[in-house]
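Below, each chain spelled out in residue letters.
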Amino acid sequence: MRETKDLILKKAELSDWKDMYHNLWIHEESAKYMLWNPTKSEEDAKIRIQKTIAYQAKELYSYLVYEKKSGKAIGFAGMTEIAENVYEDTGIAVGPMFVHKGYGKQILEEFVHLAFDELGAEKFVTSCRSENIASKRLQLSCGFTYSYSENRVDPRDGTEYVLEFYELHKEKL
């Protein structure tokens, strides 16, 4: 479990399906720049939370995001080690009713702290689609700098997009 000023990051529980369904998974705009499709029914949300729990059991730094003041599950976030002493975010998403509150910045700063201060990372990598202006701003506001871009294809619909990578190095902290 991890904690920020306004959030708790912890592993999902079966009872979180309803919050995740209503706060994040059902919203088209939340999935727009991600590689997942919105969940269309409560039954599908119950299946999805089971898959989330199984995934989080294997991924050490994968969490649901809970808003402290409401206690509700409002999103997900994760990071993973991609090379020795190099960590990468695996996605940060909060529902549309919870954006523009600084939550993304709290999550990314918590992951940077975890990676550099607790795990001995030398570098942290983030990425976002080139048209995802909010994500770019988040990364830049946390001290990340642009590194390179790659052309990608969205497996959901075959559309091409540009994925931009940003980096933060320990020696620049």
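Residues numbered from 1 in each chain as written. Predicted model: local features only at pLDDT ≥ 70, side-chain atom pairs only at ≥ 80, totals over all residues. Heavy atoms only, no water.

Draft legend 1. Inspection of the overall build of the protein chain at higher detail. Each helix and strand counted, the protein chain has five helices and eight strands in total. Each helix (α) and strand (β) of the protein chain, taken in turn from the N terminus, gives the series β-β-α-α-α-β-β-β-α-β-α-β-β. What you see for the protein chain is a C-alpha radius of gyration of 16 Å, in line with the 16 Å of a compact globule of 173 residues. Taking the principal axes of the C-alpha coordinates as reference, the protein chain spans close to 45 × 35 × 30 Å. Evaluated residue by residue, the protein chain yields a buried proportion of 46% over its 173 residues. Summarising the internal contacts of the protein chain: among those between residues at least 6 apart in sequence, 61% fall at separations of at least 24. The average position of the 24 basic charges and that of the 29 acidic charges among the side chains of the protein chain differ by 4 Å. (Helix = DSSP H or I, 4+ residues; strand = E, 2+ residues; numbered from the N terminus. Rg over C-alpha atoms; globule rule 2.2 N^0.38 Å. Buried < 20%, exposed > 50% of the residue type's maximum accessible area, 1.4 Å probe, protein only. Contact = heavy atoms within 4.5 Å. Lys, Arg positive; Asp, Glu negative; His and termini not counted. Charge placed at Lys NZ, Arg CZ, Asp CG, Glu CD.)

Draft legend 2. Seen up close, the pairing of strand 6 (residues 123-129). Counting buried residues along strand 6, five of its seven residues qualify, which places the element largely inside the surrounding structure. With three bridges connecting them, strand 5 (residues 86-94) and strand 6 associate as parallel partners. What sits directly across from E88, in strand 6, is V125. Chirality of the crossover, the property in question, places the unit of strand 5, helix 4 (residues 103-118) and strand 6 among those that are right-handed. The pairing of strand 6 with strand 8 (residues 160-169) spans seven bridges and is classified as antiparallel. Its bridge partner being in strand 8, T126 is matched across the sheet by Y166. (Pairing = 2+ DSSP bridges. Right-handed = clockwise from strand over helix to strand, strands pointing away.)

Draft legend 3. Expanded view of the packing of helix 1 (residues 17-25) against helix 3 (residues 42-58). Between helix 1 and helix 3, the least distance of the axes is 9 Å, while the angle of their chain directions is 105°. Overall, the two elements helix 1 and helix 3 adopt an arrangement that is roughly perpendicular. Mapping the contact onto sequence places W17, Y21, H22 and W25 in helix 1 and E42, A45, K46, R48, I49 and T52 in helix 3. (Axes fitted to C-alpha atoms, helices over the stretch in contact; angles between N-to-C directions. Parallel < 35°, antiparallel > 145°, perpendicular 65-115°, else oblique.)

Draft legend 4. Region of the structure containing helix 3. Its 17 residues give helix 3 an end-to-end C-alpha distance of 25 Å, which sits within 8% of 24 Å, the value for a rise of 1.5 Å per residue. Taken together, the buried positions of helix 3 are A45, R48, I49, T52 and Q56. When helix 3 is viewed along its axis, its buried side chains cluster within an angular range of 105° and face the same direction. Opposite the buried face of helix 3, at more than 90 degrees from it, the exposed residues are K51, A57 and K58. Those residues of helix 3 that are buried lie in contact with strand 2 (7-10), helix 1 and strand 3 (62-67). (Expected span 1.5 Å × (residues − 1). Arc of directions from axis to C-beta.)

Draft legend 5. View of the state of the cysteines. Going through the model one piece at a time under the given rule, you end up with zero disulfides. As a non-bridged cysteine, C128 has C142 as the owner of its nearest cysteine sulfur, 12 Å distant. (Disulfide = S-S within 2.5 Å.)

Draft legend 6. Representation of the pairing of strand 2 within the structure. By the alternation rule, side chains of strand 2 split into L7 and L9, which are all buried, and I8 and K10, of which none is buried. Count of turn residues in the strand 1 (residues 2-3)/strand 2 antiparallel hairpin: three residues. With four bridges connecting them, strand 2 and strand 3 associate as antiparallel partners. Bridging from a neighbouring strand, K10 pairs with L64 of strand 3.

Draft legend 7. Region of the structure containing the nonpolar core. M79, I107, F111, F124 and F144 are the most contacted members of the largest nonpolar core, which has 27 residues in total. Here this core takes eight residues from helix 4, the largest share from any one element. Every residue in contact with M79, bar those within four places of it in the chain, is listed here: Y61, Y87, E88, D89, T90, F111, L114, A115, L119 and F124. Grouped together as the second largest cluster of nonpolar side chains are 16 residues, W25, I49, Y66 and F76 included. (Core = buried A, V, L, I, M, F, W, Y, C linked by side-chain atoms within 4.5 Å.)

Draft legend 8. Here's a closer look at the packing of aromatic side chains. The final tally for this structure, using the stated rule, is six aromatic pairs. Ring geometry for W36 versus F76: centroids 6.2 Å apart, planes at 65°, classification edge-to-face. In this pair, W36 is assigned in the loop between helix 2 (28-31) and helix 3 and F76 in strand 4 (residues 73-83), connecting sequence segments 40 residues apart. Here the two residues W36 and F76 agree in accessibility, since each one is buried. Judged by centre distance (6.5 Å) and plane angle (75°), the ring pair of Y61 and Y87 falls under edge-to-face. (Phe/Tyr/Trp six-rings, centres within 6.5 Å; stacked < 30°, edge-to-face > 60°.)

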